[in-house]
Amino acid sequence: PNLAAAFHAPILERVVDKGISVRKRAVRIFRDVLLSNPTYEGRVTACHAMMQRAADRKEDDGVRDLIHETFHTLWFNSKAFDMGSIGSPVKSGQLGTKAELYCREVSAQMVEVVRASGSN
């Protein structure tokens, strides 16, 4: 986590690099960081930067597809659910099932990313 935070700004710069392979690698790095660390503090800015790239009509289709796959993996894939920050199953009477908590967590992340995207 500390290493990811130390390199967050340079990787963000690589998301808009001139080289297609550099942009793809930056997206893959962010995907790996976000999957392995669901509470990563740079999550919103990383997702926002990737959304901007995907929305750019001039962006390479390969980069755009990789970004779409990344969001699908982060938010709609069982792998992300398994790697999520939500730990052991919840006992009856608590906040809800693991799936319910995961849905809340992902929904909150989506709202934060959309909120950041709307500010520009």
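Further up the page is the structure itself.
Residues numbered from 1 in each chain as written. Predicted model: local features only at pLDDT ≥ 70, side-chain atom pairs only at ≥ 80, totals over all residues. Heavy atoms only, no water.

A.B. asks: Explain the pattern of salt bridges to me, please; I cannot follow it from the model alone.
C.D. replies: Note that side chains of opposite charge can pair when their charged atoms are close. Here the structure, examined in full by the defined rule, presents eight salt bridges. One salt bridge in this structure joins aspartate 17 and arginine 14, with 3.3 Å as the shortest N-O distance. With a shortest N-O distance of 2.6 Å, arginine 115 and glutamate 112 are connected by a salt bridge. With arginine 115 and glutamate 112 both in helix H7 (residues 98-118), this residue pair falls three residues apart, about one helical turn. Residue glutamate 112 is classed as partly exposed on the basis of its relative accessible area of 36%. Salt bridges linked by common partners bring Arg23, Arg53, Asp56 and Glu59 together as one network. (Salt bridge = Lys/Arg side-chain N within 4 Å of Asp/Glu carboxyl O. Helix = DSSP H or I, 4+ residues; strand = E, 2+ residues; numbered from the N terminus. Buried < 20%, exposed > 50% of the residue type's maximum accessible area, 1.4 Å probe, protein only.)

A.B. asks: Whenever I open this one, the packing of helix H5 (residues 61-76) against H7 confuses me. Can you help?
C.D. replies: Each pair of packed helices can be summarised by the angle the axes make with each other and by the distance between the axes. Two numbers describe how H5 lies on H7: the axes approach to 10 Å, and their chain directions differ by 140°. One finds that H5 runs oblique with respect to H7. For the pair H5 and H7, contact is made by Leu74, Trp75 and Phe76 and by Tyr102, Val106, Gln109, Met110 and Val113, respectively. Class assignment of the residues belonging to the contact of H5 with H7 gives a composition of seven nonpolar, one polar and no charged. (Axes fitted to C-alpha atoms, helices over the stretch in contact; angles between N-to-C directions. Parallel < 35°, antiparallel > 145°, perpendicular 65-115°, else oblique. Contact = heavy atoms within 4.5 Å. Nonpolar A, V, L, I, M, F, W, Y, C, P; charged D, E, K, R; others polar.)

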